[in-house]
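Commentary on secondary and tertiary structure
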Protein chains: 2
Amino acid sequence: MKAANLFADVSATLSEERFEPLVATKSFTLERIVSTGQTTAPGEWYDQERAEWVVLLSGSAGVLFEGEHEPRVLRPGDYILIPAHRRHRVEWTDTTDATVWLALHYTDA
Amino acid sequence: MKAANLFADVSATLSEERFEPLVATKSFTLERIVSTGQTTAPGEWYDQERAEWVVLLSGSAGVLFEGEHEPRVLRPGDYILIPAHRRHRVEWTDTTDATVWLALHYTDA
């Protein structure tokens, strides 16, 4: 039986964001994301085929949705349900502590 | 867009465990569970039709799997992937702080 800890192997400084699948089926992927100050590249947006339920578990981040003026600030425990094709970008992530996210990407079908 | 916090509305004393669906599709249900000292009833086992990926996010708990001698102690961030029909029971949950779990019940099909 697979067992581990979501906060294991987390360094406060990574050269790149880490995306690690935990469970994947035909209809969803559950993944851990670790950010250490990274942001979505300037001018770029996430525009995803699948809906995403995402929770921030440590650190903090600012997520901007297209059409909104200010990023939403996420703190530990905060979650958002992002519909498919709802354009958004990560404006900032914590530069002191690692930001750990748990994201569930899924299709409704 | 639905946004909230997994640690909101959590009391350290509840008369019953709380099970709250967050996202549900044909192939999975994601739910928050809040325990405040509750355990699986004596002599009973969970024997589930679907696989379950579950993480403990606050508090602590002891989960016993059939055929093992000691419960596995879960602390914040610890997760387990429980195959369908793998019999298990919650031997204890924290009696001081609320135990918040996030559980993903799913079929592989």
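Since the model is a prediction, treat every value here as computed from it, not as a measurement.

1. Here's the deal with the relation of the copies chain A and chain B
Superposing chain A onto chain B takes a rotation of 180 degrees combined with a translation of 0.0 Å along the rotation axis, leaving an RMSD of 0.0 Å. In symmetry terms, the pair is related by a two-fold rotation axis. Among all residues of chain A, the minimum C-alpha distance to the rotation axis is found for Ser27 of chain A, at 3.6 Å.

2. Focus on the sheet that holds strand S4 (residues 51-58) of chain A
A sheet is described by the order of its strands in space; here six strands give the open sequence S2(A)-S3(A)-S9(A)-S4(A)-S7(A)-S1(B), paired in antiparallel fashion. Both edges of this open sheet fall to strand S2 (18-24) of chain A together with strand S1 (3-5) of chain B, since each of them pairs with a single strand only. Each strand of the sheet is rotated relative to its neighbour by a mean of 20 degrees, with strand direction disregarded. Pairing geometry for strand S7 (residues 78-82) of chain A and S1 of chain B, over three bridges, is antiparallel.

3. Quick look at unusual backbone geometry
The phi torsion of most residues other than glycine is negative, and most of the peptide bonds are trans. Notably, His85 of chain A is not glycine yet its phi reads approximately 65 degrees, a positive angle. Its location among the elements puts His85 of chain A in the loop between S7 and strand S8 (88-93).

4. A few points about the nonpolar core
Membership of the largest hydrophobic core comes to 26 residues, with the highest contact counts inside it found for Trp53, Leu102 and Leu104 of chain A together with Trp53, Leu102 and Leu104 of chain B. Those elements that place two or more of their residues in this core are S2, strand S3 (28-35), S4 and strand S9 (99-106) of chain A together with strand S2 (18-24), strand S3 (28-35), strand S4 (51-58) and strand S9 (99-106) of chain B. When near neighbours in sequence (up to four residues on either side) are disregarded, Leu104 of chain B contacts Phe28, Leu30 and Leu104 of chain A together with Phe28, Thr29, Leu30, Ala51, Glu52 and Trp53 of chain B.

5. A few points about the environment of Arg89 of chain A
Residue and element names in this part refer to chain A. Tracing the backbone through its elements, the reader meets Arg89 in strand S8. For Arg89, a relative accessible area of 9% puts it in the buried group. Residues Arg89 and Ser15, spaced 74 residues apart in sequence, show a C-alpha to C-alpha distance of 19 Å. Leave out the neighbours within four places in its chain, and Arg89 touches Thr40, Ala41, Pro42, Gly43, Glu44, Trp45, Tyr46, Gly62, Val63 and Leu64. Within the structure, Arg89 has its side chain in polar contact with the backbone oxygen of Ala41 (distance 2.9 Å).

6. Concerning the sheet that holds strand S6 (residues 72-74) of chain B
All names here are of chain B. Reading across from one edge, S6-S5-S8 is the order of the three strands in this open sheet, with antiparallel pairing throughout. The strands lining the two open edges of the sheet, one partner per strand, are S6 and strand S8 (88-93). Taking each pair of neighbouring strands and ignoring which way they run, the sheet shows an average axis angle of 30 degrees.

7. Here's the deal with the confidence of the model for chain A
One rule of thumb: low pLDDT means the predicted coordinates there are not for detailed reading. Overall, the predicted model of chain A reaches an average pLDDT of 95, with 99% of residues at or above 70. Predicted complex, confidence summary: ipTM 0.93, pTM 0.94.

8. Observations regarding the pairing of S3 of chain A
Residue and element names in this part refer to chain A. A large share of S3 lies buried, amounting to eight of its eight residues. Burial along S3 is two-sided: Phe28, Leu30, Arg32 and Val34 facing one way and Thr29, Glu31, Ile33 and Ser35 facing the other are all buried. Here S2 folds back onto S3, and the loop between the two strands holds three residues. Where S3 meets S9, eight bridges bridge the pair, whose relative direction is antiparallel. Within S9, the residue paired with Arg32 across the bridge is Leu102.

Rules used throughout
- Residues numbered from 1 in each chain as written.
- Chains lettered and ligands numbered in written order.
- Predicted model: local features only at pLDDT ≥ 70, side-chain atom pairs only at ≥ 80, totals over all residues.
- Heavy atoms only, no water.
- Least-squares fit on C-alpha atoms with pLDDT ≥ 70 in both.
- Pairing = 2+ DSSP bridges.
- Helix = DSSP H or I, 4+ residues; strand = E, 2+ residues; numbered from the N terminus.
- Axes fitted to C-alpha atoms, helices over the stretch in contact; angles between N-to-C directions.
- Core = buried A, V, L, I, M, F, W, Y, C linked by side-chain atoms within 4.5 Å.
- Buried < 20%, exposed > 50% of the residue type's maximum accessible area, 1.4 Å probe, protein only.
- Contact = heavy atoms within 4.5 Å.
- Polar contact = N/O pair within 3.5 Å; in protein donor to acceptor, adjacent residues only side chain to side chain.
- pLDDT = per-residue confidence, 0-100.

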